[in-house]
Amino acid sequence: MPPAPPAVPLTAYLIVSAILFSLGAIGFVIRKNVITMFMCIELMLNAINLSFVAFSYKHGTVDGHLFTFFVMVVAAAEAAVGLAIILTVYKNRNTLMADDIDSLKL
Amino acid sequence: MQQLWLIPLFPLIGFLINGLFGRKLPKSAISLVAVGTVVASFLWVLKTLSAIMPLETPHIETYATWIQSGFVNIPFEFAVDRLTAVMLLVVTGIGSLIHVYATGYMAEEDGYYRFFAYLNLFMFFMLTLVLGNNYLLLFVGWEGVGLCSYLLIGFYYLKNSASTAGNKAFIVNRVGDFGFSLAMFLIVIQFKTLTFQDVMKQAAQVPVEHAVGMMTVICLLLLVGAAGKSAQVPLHVWLPDAMEGPTPVSALIHAATMVTAGVYMTCRSATIFLKAPIAMEAVAIVGLITAVLAATIGMTQWDIKKVFAYSTISQLGYMFLAAGVGAFGPAMWHVVTHAFFKALLFLGAGAVIYSMHHEQDMRHMGGLRKYIPITFGTLACAWIAIAGVPLTSGWFSKEAILGAVYHHSPIMYWIAVLTAMVTAFYVSRSMFLTFFGEFRGAAVPAAGHHGHGDEDDHGHDDHGHAVEKHDDRAHAVAHNAAHDTEPHEAPFVMWGPLAVLAALSIVGGFFDLPHFLEPALPPAEHVAHEAWLEIVGSAAGILGIVIAHIMYVAKPEMPDALTAKLGGLYRLVYDKYRVDEAYDLTIVDPLIGGSRSFLWKGLDAGLIDGMVNGAGSTARLVGGFARWIQTGNMRTYGAWVLVGAVAVLAYLGIGGGVR
Amino acid sequence: MNLLTWLIVLPALSFFLLLLLPKSMSGNAKYIALGLSLAIFVMSLGLLGPVLANPGAPSFEINEPWIEQPAIRYHIALDGLSLWLVILSTFLTPLCVLISWNHIKDRVKEYYAFLLLLEVGVIGVFASMDLFLFYVFWELTLVPMYFLIGIWGHDRRIYATLKFFLYTMAGSVLMLAAILYLYSLTGTFDYPVIQQLLASGRVALTPHVEALLFFAFFIAFAIKVPLWPLHTWLPDAHVEAPTAGSVMLASVMLKMGTYGIARFCLPLFGGAARQYAGPIAACAIIGIIVGALVAMVQPNMKKLVAYSSVSHLGFVVLGIFSFNQQGLDGAVYQMLNHGVSTGALFMLVGMLYERQHSLEIKSYGGVATVAPHLTTLFLITTLASIGLPLLNNFIGEFLILQGAAIANFNWAVGAAVGVILSACYMLWMFQRAFLGKTPHDVAHHVTEINLREFVAVAPLVILMVWMGTATQTFLPSISGANKIVLEQTRPANVEVAHHNAR
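Cut-offs applied
- Residues numbered from 1 in each chain as written.
- Chains lettered and ligands numbered in written order.
- Predicted model: local features only at pLDDT ≥ 70, side-chain atom pairs only at ≥ 80, totals over all residues.
- Helix = DSSP H or I, 4+ residues; strand = E, 2+ residues; numbered from the N terminus.
- Buried ≥ 20, exposed ≤ 12 C-beta atoms within 10 Å, placed from the backbone.
- Contact = placed C-beta atoms within 7 Å.
- Nonpolar A, V, L, I, M, F, W, Y, C, P; charged D, E, K, R; others polar.
- Expected span 1.5 Å × (residues − 1).
- Bend = angle between axes of the 7 residues up to and from the residue.
- Pairing = 2+ DSSP bridges.
- Axes fitted to C-alpha atoms, helices over the stretch in contact; angles between N-to-C directions.
- Parallel < 35°, antiparallel > 145°, perpendicular 65-115°, else oblique.
- Left-handed = near helix turned anticlockwise from the far one by under 90°.

**Student:** For the overall build of chain B, give the residues involved together with the corresponding values.
**Tutor:** Scanning chain B from N- to C-terminus turns up 27 helices and 2 strands. The principal-axis extents of the C-alpha atoms in chain B amount to approximately 120 × 65 × 55 Å. Evaluated residue by residue, chain B yields a buried proportion of 54% over its 659 residues. Pairs at least 24 apart in sequence give 81% of the contacts found in chain B among residues at least 6 apart.

**Student:** Summarise the overall build of chain A; cite the residues concerned and give the values.
**Tutor:** Looking only at helices and strands, chain A features 3 helices and 0 strands. From first element to last, N terminus to C terminus, chain A shows the α and β order α-α-α. Looking at chain A as a whole, 13% of its 106 residues are labelled buried. Sequence-distant contacts, at least 24 apart, represent 46% of the contacts inside chain A between residues at least 6 apart.

**Student:** For the interface of chain C and chain B, give the residues involved together with the corresponding values.
**Tutor:** Contacts between chain C and chain B engage 40 residues on the former and 40 residues on the latter. Of all the elements in the fold, those that place two or more residues in the side of chain C that touches chain B are α14 (277-296), α16 (325-356), α19 (392-407), α20 (409-434) and α23 (475-488) of chain C. In terms of residue count, α20(C) provides more of the side of chain C that touches chain B than any other element does, 11 residues in total. A class-by-class count of the residues in the side of chain C that touches chain B yields 28 nonpolar, 10 polar and 2 charged.

**Student:** A description of helix α15 (residues 328-355) of chain B should follow, citing residues and the corresponding values.
**Tutor:** Residues and elements named next belong to chain B. The end-to-end C-alpha distance of α15 is 39 Å, a good match for the 40 Å that 28 residues give at a rise of 1.5 Å each. Roughly 30° is the biggest bend found in α15, and it falls at H338. Most of α15 is tucked away, with 28 of its 28 residues classed as buried.

**Student:** How would you summarise helix α23 (residues 531-554) of chain B if you had to cite specific residues and measurements?
**Tutor:** Residues and elements named next belong to chain B. The end-to-end C-alpha distance of α23 is 33 Å, a good match for the 34 Å that 24 residues give at a rise of 1.5 Å each. Residues of α23 that are buried include every one of G537, A540, G541, G544, I545, A548 and Y552, and no others. Tucked into the core, α23 has its buried residues touching α16 (373-387), α17 (393-408), α18 (410-435) and α24 (558-566).

**Student:** Describe the pairing of strand β1 (residues 59-67) of chain C, with residues and values.
**Tutor:** Residue and element names in this part refer to chain C. One ladder, built from 6 bridges, connects β1 with strand β2 (residues 72-78); its direction is antiparallel. By the bridge assignment, N63 is partnered in β2 with H75. Counting the residues between successive antiparallel strands, the hairpin from β1 to β2 contains 4 residues.

**Student:** For the packing of α16(B) against helix α21 (residues 492-507) of chain B, give the residues involved together with the corresponding values.
**Tutor:** Packed helix pairs are characterised by how far apart their axes lie and by the angle those axes make with each other. All names here are of chain B. Between α16 and α21, the shortest axis-to-axis distance is 9 Å and the interhelical angle comes to 30°. Considering the angle they form, α16 stands roughly parallel to α21. Two packed elements cross with a definite hand, and for α16 against α21 that hand is left-handed. Packed against α16, whose contacting residues are I374, T375, T378, C381, A382 and A385, the element α21 presents W495, L498, A499, A502, S505 and I506 at the interface. When grouped by side-chain class, the residues that make up the contact of α16 with α21 number 9 nonpolar, 3 polar and no charged.

**Student:** Break down the arrangement of the chains for me, citing the residues and quoting the values.
**Tutor:** Out of 2 pairs of chains that touch, the pair holding the most contacts is chains B and C. Separated without contact, chain A and chain C have their nearest C-alpha atoms at a distance of 18 Å.

**Student:** How would you summarise the pairing of strand β1 (residues 59-69) of chain B if you had to cite specific residues and measurements?
**Tutor:** Residues and elements named next belong to chain B. Examined bridge by bridge, β1 and strand β2 (residues 72-80) share 9 bridges and lie antiparallel to one another. If you follow I60 over to β2, its bridge partner there is A79. Between β1 and β2, which follow one another and run antiparallel, lie 2 residues, and G70 among them has a positive phi close to 60°.

**Student:** Account for the environment of N482(C), with residues named and values stated.
**Tutor:** As for its position among the elements, N482(C) is in helix α23. Put simply, N482(C) and Q326(C) are 156 residues apart on the chain and 9.6 Å apart in space, counted from C-alpha to C-alpha.

**Student:** Just give me the short version of the environment of L475(C), but keep the residues and values in it.
**Tutor:** Within the secondary structure, L475(C) sits in helix α23. Residues L475(C) and G80(C) lie 395 residues apart in sequence; the distance between their C-alpha atoms is 9.2 Å. Contact partners of L475(C), with chain neighbours within four places excluded, come to I67(B), Q68(B), S69(B), D329(C) and Y333(C).

Encoded structure:
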């Protein structure tokens, strides 16, 4: 293995990841449009991916990479299913505002 | 092998043919099948008996295993000993006669095929009952004849009273069967078998029980069973109602054969009974009470079939009395002679009813002697036989019973003699009312027809015959309407059997049956004949006839005066001691009411379901508190997740992190 | 794959086939279901030979690992105890298809699919030799029945399904807990292994633990039976269920409870079972009498038959807890009898319902005049149900009562009262519905039984006579298996077990 180049410290990655995650989380809570909320979820997932990769690099193992790919696959599947659901919801209800979609409520 | 199984098989085939295809067959074919199979069975009995006749020991045929579980092994097994031989002859012989008679009596009825199918089925079960060589096969016949009795009592199923009477018969019989089946279980526990020979062989070794023990309990339970089937007090209530069935049924099932099954079973179990003197005493007392009560009721009834029904109960009581005092031979003798004369009485009554266009109330009869002499002649034979006129069949068996009873207990003897007099009285009364005096049929206004019995729950008066006001049974015929009021003689197919039975009623007693039965029954002590006993017995019978003659022929105004004087007592007897009402009040109504209001609405729907539903609503209540969190808003949920995650992280952070 | 596995797999495949059937072909669903279920029945007859030859030992055994950790095995086998119940299930399914022929009009293919799924479940229950596998199949039967009642039921079907589901779930959860506890003790779910371990004493249970485990199993089974006082779900479920649902429920699913008791409770926890035989027999006898009395006053035919089931199943439980050959043989025989005669009763009541659209007895009367053949079949079934000799129930009742009498004569006295009462309620219903004059609307609506309906009921009626006379077809194999069960049932735990009153 070649010697490691001068590294960006792990903390930096983690800070970026934390910021991204917080953006996603807060966005999910405060935005009303379902598509935006959906994008926020993707943001959170990617934040996690970033930490995984960073840790993987730090520990010199491939586990983190592996998980990242898993997450990406799941995210892709989720995007497919999720968008399909959103489309159907829109067709049925003619709205994408999350507050109006509350038929789970008793 | 004598192919004993053929005996019940013939009627079964008849049942299957008539039951499955009878609807499409002409009446002549139905009659041919029905009568033919029973006669075939009778002939086969004759052939078999002649082949195996001395019959000092039973002839047993085993066919197959029926039930086998652990040590309980019950085969399909038929056996003939002398007791069975007698029953076989009575059942198939009288059965054949009654089948012939019924082809005439039922000729105009709807459901002709159904009637004969049931009747053949009855023969099958009765023969199984008699032939079966273990208690369970006997029980098969026992329940089976009960079923046929149910079907035939309810034959006029459009009439509510008929189907109710059928139910009553079945259910009361079930109470008896309850006792019988429990007795069987105890027999299995005690003897490990239900086969008669094995049970009796072991029972003979058991010491006589002078306190209540196993044998006594078995016998008392058997008595319950016998009382149900043979209509003994307190389970006698079904038999009078059973008269809702067609008259040939009353003759065959409710007089000659089925109801004597209890006596047969008691004699069959004689060895066990002899080990249980307490139970024997109970049998005798039940028999005596039944004989007395039923005979007194018989004096007061107006419906000719009801009179004979109570007479049957009373005579069965006599047989039980005989069995109870250990006179099993005379009991069976009386079964046979009773089968002759009581079948004759019922068939004769049927002929009378037929000739009266389905009128049963004796107050509307009278003077029929002139119109239907043959019927009168044959009935007279039965009359003197049941009254115990010397040298008739009934006299022999009755004297044998009375003699045995005297040696057991003089008090019982005198009560029994009195009952014999009452018996002679009520039969004579019915004969005088029916055949003597003036014909009262036309004199009674039509409205009166409906006034008599208590069972005038008329089913369907809507079939257009204006004249047939009397009864449904008057389904009868249009041609009756032409000469409605004039009684007319029954056809030959009906009086032919009557004549045969009449001959048997007179001479049937000359065959010394108890002596014949000795090999089949446990040895009984022989009692010396005392001539004065026979004189007293005969006198009682003749006295009864004379009194009846005075009251109903010589001084016809006397009965009314007497009933007026007796007042309440007479009403009580007339109302059959109000036993039915008492049962309704103490058993039926509380059971139904209690089941509905307490067991169902209270316990099931109220308490148990209340608890179940209570558990459900408690869960709902708890859920209700947690419900406000569930807004249904996705973003709120997200926020909750976030808050939760932050809380967990904060906890871990404060706690020092994961190690 | 042996025949037994095929009998589980084929109905499952049929289930999927029917579900995937294109909408355009849903009219053919009933023909397909009939053909498949008949084929399965014919195949199941192949089970007879090996099992009858050796009823005490497991036949058609397959014992393969299914899940490595926890060690759940696909262990199935058949012996004389389960053989006839499996055949009863495969036999009744085509009849149920026939009986639903015209009655089911919407969601046809789903309906028949669920019937076949039910068949998968019940065959699996009777064949499983692994406790976990057993539990899976046990729960699986709930699903199709839930939908059968919930979708094709009558007016109060939602209440009935919920009640049915929750009642049975409550019991099964207890059983699951007990199964898991046994696993933690023994490290296996395999029933014969656990039985061996417990019997040999290598895994010893204290009487207290054994009693707890016994009741955890027993309550689950008792709810299914249903044993008084856990029976109140049954009348509601029956009244609301469609005819075929009632038939399968009464004829097969209730037997899962009694089968479970005989198969698992006795050999595993014999000590506790014997110890508590007295109270359980008391419940059974109360059930016999109370069930009959309540049946007597029911205005609704299906409720009446449902309560009569409570009464009849009380006999079965009583027979099992007699702990002798007669009682146990009678109990197993009575399971089959009840399946045949009550199945037929529900079918016949269902036919009346299809004609008159009422289950109230008082909306009938005089049916005998307008539909004599229907009446004859009903009468024979009634007579079988009240235990007339030469018909099936008599054999079962006789053996059970005999067994109970040997165990404790008072039990027989109490239970025999039920025999009297059964005549009361059945004959009264028969009288009110079938005899008497025919009201106008009955004459108008109630028509004679048709060929298809006759074909559905006639086999059952033939069986009633067959099982009442030629008992040797069935009893030796049942006896053979029961003998093993009794040998495996250990003596009572505590000194004061059940004392003999005679």
